[in-house]
Amino acid sequence: MIALEQALASLEIRPRMAHRAGLAPGGSLPLGTGDATLVYVRSGEITGDPASGTSCTVVGPSGDAATPTGARTLLAGDAFLSLGCRPISLTSQSGAELTVVPADVSLAAVTPLPPFVFVDGFVELEPAAAALVSHLGTGTASGRSGDAVICQMMVKTVLLSAIRAWAAHTAGASAWPAPAVDPFLSRAAEAVAADPGRDWTIDQLASLSAMSRTVFAARFRRAYGRSPASYVTEIRMQHAKDMLESGASVSETSRTLGYGSDEGFSRAFRRHTGMPPSLWRARAAAPSLH
């Protein structure tokens with residue numbers, strides 16, 4: 001679990017404009033190299049054959065080059081992710097309505113992914129993210145200040161959720177290799193993950209790592225790419241999303257994660273996800289339209 005969270009946090013994602021696409025019976029959607037692309041099946045079906053196109057090497061969870069083979073068909077509520085290192089063409093026999101989400105994704109050396117990710121049952125595995133992606137590409141932006149930033153945060157959430165669903169239900173989160181991190185720093189990271197609601201201070205975390213406050217802060221940022229405080233917030237927000245998706249109330253989630261008030265928690269959650277926790281919870285609980 002900790003390794004997967006660290007791997008997701010190491011991804012650099014710069015979302016681009018999402019759009020909707022319709023495939024007529026027998027139609028195809030070609031995806032080239034360069035940008036990563038998430039394709040969410042709103043209705044109908046699409047088939048992709050990873051064996052087609054030029055080859056590339058992406059290190060898989062086992063440490064071997066991951067080159068998936070064999071055509072795969074995805075139905076409504078499923079998702080597909082191409083990292084853009086190999087071209088592929090998605091075809092539909094009966095027609096399909098899709099949401100297409102391009103993005104520039106930078107993979108850290110510790111983040112292994114295959115060139116293509118097929119996520120069966122994405123709408124069941126990640127209901128909140130599926131609700132988000134179903135609203136992307138509608139062209140119904142309100143024109144309010146901040147719309148573009150919020151949209152980018154929504155896209156990033158959807159992409160990370162697709163990768164999490166693949167890792168947890170295909171390769172297994174335990175198979176995800178952990179980054180090469182100082183074992184003393186790992187003590188602090190594991191303590192935060194085990195008790196995210198604790199009022200962690202940098203002095204406490206530095207003590208767990210047997211370092212001075214200054215040395216710990218510098219080494220932690222080099223190893224994890226963020227400050228200790230940002231890491232604590234990241235872990236809390238991941239737990240918050242999981243709790244809200246499981247039906248916990250905003251107040252219960254706020255108390256469990258150590259926030260002094262629902263308002264403070266809501267502000268932190270909105271900064272992290274682009275939406276209030278009440279909306280995240282409601283979208284996760286809403287019945288699927290597919």
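The structure this text deals with has already been given above.
The sections below set out a description of the structure shown in this document. (Residues numbered from 1 in each chain as written. Predicted model: local features only at pLDDT ≥ 70, side-chain atom pairs only at ≥ 80, totals over all residues. Heavy atoms only, no water.)

### A short note on helix α8 (residues 228–245)
The end-to-end C-alpha separation of α8 is 26 Å, in line with the 26 Å expected for 18 residues at 1.5 Å each. Pro228, Tyr231, Val232, Ile235, Arg236, Met237, Gln238, Ala240, Lys241, Met243 and Leu244 are the residues of α8 that are buried. (Helix = DSSP H or I, 4+ residues; strand = E, 2+ residues; numbered from the N terminus. Expected span 1.5 Å × (residues − 1). Buried < 20%, exposed > 50% of the residue type's maximum accessible area, 1.4 Å probe, protein only.)

### Considerations on the nonpolar core
By size, the foremost hydrophobic cluster in this structure holds 41 residues, and its most contacted members are Leu38, Phe122, Leu136 and Phe265. No other element matches the ten residues that helix α4 (residues 147–171) contributes to this core. Setting aside residues up to four positions removed in sequence, Leu38 forms contacts with Ala79, Phe80, Leu81, Thr99, Val100, Val101, Val133, Val158, Leu159 and Ala162. With 16 residues, the next largest nonpolar core counts Ile46, Leu90, Leu98 and Val100 among its residues. (Core = buried A, V, L, I, M, F, W, Y, C linked by side-chain atoms within 4.5 Å. Contact = heavy atoms within 4.5 Å.)

### Points about unusual backbone geometry
Here the phi dihedral of Ala210 falls at roughly 55 degrees; this positive angle occurs in a residue that is not glycine. Looking at the secondary structure, you find Ala210 in the loop between α6 (202–208) and α7 (213–224). Taking relative accessible area as the criterion, Ala210 reaches 58% and is therefore assigned exposed.

### A closer look at the pairing of strand β9 (residues 116–119)
Alternating residues of β9 divide into Phe116 and Phe118 and Val117 and Val119, and every residue in both groups is buried. Of the pairings in the sheet, the one linking strand β6 (residues 79–82) to β9 comprises four bridges and is antiparallel in character. The residue bridging Ser82 from the neighbouring strand is Phe116, located in β9. (Pairing = 2+ DSSP bridges.)

### Let's talk about the packing of helix α3 (residues 127–135) against helix α11 (residues 277–285)
At a minimum axis distance of 8 Å, the contact between α3 and α11 shows a crossing angle of 95 degrees. As the angle between them shows, α3 and α11 are arranged roughly perpendicular. Counted together, Pro127, Ala128, Ala131 and Leu132 of α3 and Trp280, Arg283 and Ala284 of α11 form the full contact between these two elements. For the contact of α3 with α11, a count of residues per class yields six nonpolar, no polar and one charged. (Axes fitted to C-alpha atoms, helices over the stretch in contact; angles between N-to-C directions. Parallel < 35°, antiparallel > 145°, perpendicular 65-115°, else oblique. Nonpolar A, V, L, I, M, F, W, Y, C, P; charged D, E, K, R; others polar.)

So yeah, pure geometry; function would need other evidence.
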